Every structure is written in structure tokens, then in C-alpha cells.
Amino acid sequence: MFLRLAHQHRQFVQDLVMNLQALAIVLERRGYPASCYTCGDQMNSASFMVSLGNNHLIRFLVSDYGITWTEMRDDRELMKLEGAEAINQLQELANLVKQPIPVTSTNKALAKRV
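Quantities reported herein were computed from a predicted structural model and do not represent experimental measurements.

**Re helix α2 (residues 83-98)**
(1) Moving on: Here α2 is 16 residues long and its end C-alpha atoms lie 23 Å apart, about the 22 Å a rise of 1.5 Å per residue gives.
(2) Moving on: All of the buried residues in α2 are Ala86, Leu90, Leu93, Ala94 and Val97. When α2 is viewed along its axis, its buried side chains cluster within an angular range of 100° and face the same direction. Relative to its buried face, α2 has exposed residues pointing more than 90 degrees away, namely Ala84, Glu85 and Lys98.
(3) Moving on: Next to the buried residues of α2 lie α1 (2-29), β2 (46-53), β3 (56-63), β4 (66-73) and β5 (76-82).

**Comments concerning α1**
One turn of the α-helix equals 3.6 residues, which is why residues spaced by three or four share an orientation.
(1) Moving on: Between its first and last C-alpha, α1 extends 41 Å over 28 residues, near the 40 Å set by a 1.5 Å rise per residue.
(2) Moving on: When α1 is considered as a whole, its buried residues turn out to be Val13, Leu16, Val17, Leu20, Leu23, Ala24 and Leu27.
(3) Moving on: The inward-facing, buried residues of α1 contact β1 (34-38), β2, β3, β4 and α2.
(4) Moving on: One or two steps after α1, the chain reaches glycine 31, where phi turns positive at roughly 100°.

**What to know about the confidence of the model for the chain**
(1) Moving on: When pLDDT is averaged across the chain, the result is 88; 88% of the residues are at 70 or more.
(2) Moving on: Here residues 105-114 is a poorly scored stretch, pLDDT under 50, and it has eight contacts once near neighbours within four places are set aside; other chains count.

Criteria and thresholds
- Residues numbered from 1 in each chain as written.
- Predicted model: local features only at pLDDT ≥ 70, side-chain atom pairs only at ≥ 80, totals over all residues.
- Heavy atoms only, no water.
- Helix = DSSP H or I, 4+ residues; strand = E, 2+ residues; numbered from the N terminus.
- Expected span 1.5 Å × (residues − 1).
- Buried < 20%, exposed > 50% of the residue type's maximum accessible area, 1.4 Å probe, protein only.
- Arc of directions from axis to C-beta.
- Contact = heavy atoms within 4.5 Å.
- pLDDT = per-residue confidence, 0-100.

Dropping the structure here:
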């Protein structure tokens, strides 16, 4: 039973890492500085960061040891969540990406670059 659970956990972390990579790409295309770094090709950990402007930074870490969401503004930690609560906050961020972007001159320039 425990070997099966360990395997499922590894799969969960790998799925989460792949989704973080995709989210970073989408956020970059929307004009938000975002990155997702992984260690090696095993995809068993990742560090995801996005700047939402006005010194507002989100950091999401995932590994076999745990999952954390840290939100900072002006280099001060506003909120730190772990586990399922951290994933819920990540979903809120992903939901923002689903909303249509109002067309502005900045967005037109961004669309031409992409």
C-alpha cells in the first residue's frame, strides 16, 4: 500500500510541475514576468514565481517535501500557505488567466512579439 501511495505522490508532483510550467508560459504571454524552474529532468520539484506588478510577488514551491505558496508585497511576506490551501490559491491565480484581457496598446505590442 505505501509503495502505491509513494508512486501516486510522485505522479501528483510531476503533474503539478508540468502545470506550473504551462502557467508560467501563459502568464508571460499575458505580460506578467513569470518563471518556473525545475531541478533535473525528473520533474520532482519546482520553483514558480510571478510578479503581479507594484512589487507584488507570488512564489510557489513544490517538492516531495511539501508545497508552499508565499505572497509578498514590498519585500514583506503577506501570506504563506501550505498543502491544499496553497494549491487552492494557485487555482485562483490560474482563474485570473482565464479571464479575457482588455485590448490596450500594450497588449497589442505584446501580441506582436508573441
